[in-house]
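Fold and contact review
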Amino acid sequence: MTPFGMAVRDLRRKKGVSQKQMAAAIGVSAAYLSALEHGKRGAPSFDFLQRVAGYFNVIWDDAEELFQIAQVSAPKVVLDTTGLAPEYTAFANRLSGQIRDLSIDAIRALEDVLEKATFPANDRG
């Protein structure tokens, strides 16, 4: 499941609607909505995000958060380390091979490292 899939599921459950009901209301198939919730589909379109926010009457700040969650919810990620030092490529490949074995605490620790990291202006992508 992706962060966006979890967010949609939580919104749907709070409203007390099934996937089928929500899908019909926003004009998608229940199969698509199920696949999205389970992380079997890529990030949704902006149009879809707007329909979801409208369906749940999500206020502006919460809608922006939902849109940001969607941006980090691609279930298949590609890291391009072209032109970087070999250590970057080695790290990306190691992470790819071991991510399924990491605990939630380890993921949170890595997120903290990323949050605290400072990057020189010329290294930002």
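Scroll up for the structure.
Residues numbered from 1 in each chain as written. Predicted model: local features only at pLDDT ≥ 70, side-chain atom pairs only at ≥ 80, totals over all residues. Heavy atoms only, no water.

Our next topic: a negative patch on the surface. A contiguous patch of negative charge on the surface is contributed by Asp61, Asp62, Glu64 and Glu65. By the secondary structure assignment, Asp61 is in helix 5 (residues 60-71). Classification of Asp61 as exposed rests on a relative accessible area of 56%. (Patch = residues over 30% accessible without salt bridge, like charges linked within 9 Å, V, L, I, M, F, W, Y side chains within 5 Å. Areas by Shrake-Rupley, 256 points an atom, 1.4 Å probe, with all protein chains shown as cover. Salt bridge = Lys/Arg side-chain N within 4 Å of Asp/Glu carboxyl O. Lys, Arg positive; Asp, Glu negative; His and termini not counted. Charge placed at Lys NZ, Arg CZ, Asp CG, Glu CD. Helix = DSSP H or I, 4+ residues; strand = E, 2+ residues; numbered from the N terminus. Buried < 20%, exposed > 50% of the residue type's maximum accessible area, 1.4 Å probe, protein only.)

Where empty space is left becomes clear once a probe the size of a water molecule has been rolled over the atoms. Reported here for the second largest pocket is a volume of approximately 190 Å³. Every residue along the wall of the second largest pocket is listed here: Met6, Ala7, Asp10, Leu11, Lys14, Val58, Asp62, Glu65, Leu66 and Ile69. Contributions of two or more residues to the lining of the second largest pocket are made by helix 1 (3-15) and helix 5. Looking at side-chain class alone, the lining of the second largest pocket contains six nonpolar, no polar and four charged residues. (1 Å grid on protein atoms, 1.4 Å probe; cavity = no way out; pocket = protein on both sides within 12 Å on 5 of 7 lines; lining within 4 Å. Points joined across faces, edges and corners; volume = space filled by probe spheres on them. Nonpolar A, V, L, I, M, F, W, Y, C, P; charged D, E, K, R; others polar.)

Below, the discussion takes up helix 4 (residues 46-55). Among all positions in helix 4, only Phe48, Leu49, Val52, Ala53 and Tyr55 are buried. Axial view of helix 4: buried residues confined to an arc of 165 degrees, hence all on one face. Looking at the packing, one finds that the buried side of helix 4 touches helix 1, helix 2 (19-26), helix 3 (30-37) and helix 5. Positive phi appears at Asn57, one or two residues downstream of helix 4, with a value of about 50 degrees. (Arc of directions from axis to C-beta. Contact = heavy atoms within 4.5 Å.)

Counting 22 residues, the largest nonpolar core has Phe4, Met22, Ile26, Phe48 and Val52 as its most contacted members. For Phe4, the contacting residues outside a window of four places in its chain are Leu36, Pro44, Phe48, Leu49, Leu66, Ile69, Ala70 and Ser73. (Core = buried A, V, L, I, M, F, W, Y, C linked by side-chain atoms within 4.5 Å.)

Before going further, it helps to spend a moment on the pattern of salt bridges. Scanning all chains against the criterion turns up three salt bridges. Here Arg9 ties to Glu37 by a salt bridge, and the two come within 3.3 Å at their closest N and O atoms. In this pair, Arg9 is assigned in helix 1 and Glu37 in helix 3, connecting sequence segments 28 residues apart. For Arg9, a relative accessible area of 16% translates into the label buried. On the accessibility criterion, Glu37 (1% relative accessible area) is buried. For Arg51, the salt bridge is made with Asp47, and the minimal N-O distance between the two is 2.8 Å. Taken together, the residues Arg51 and Asp47, both in helix 4 and four residues apart, mark about one turn of the helix. Residue classification places Asp47 among the partly exposed residues on the basis of a relative accessible area of 43%. Overlapping salt bridges, with partners in common, bring together Arg9, Arg12 and Glu37 in one network.

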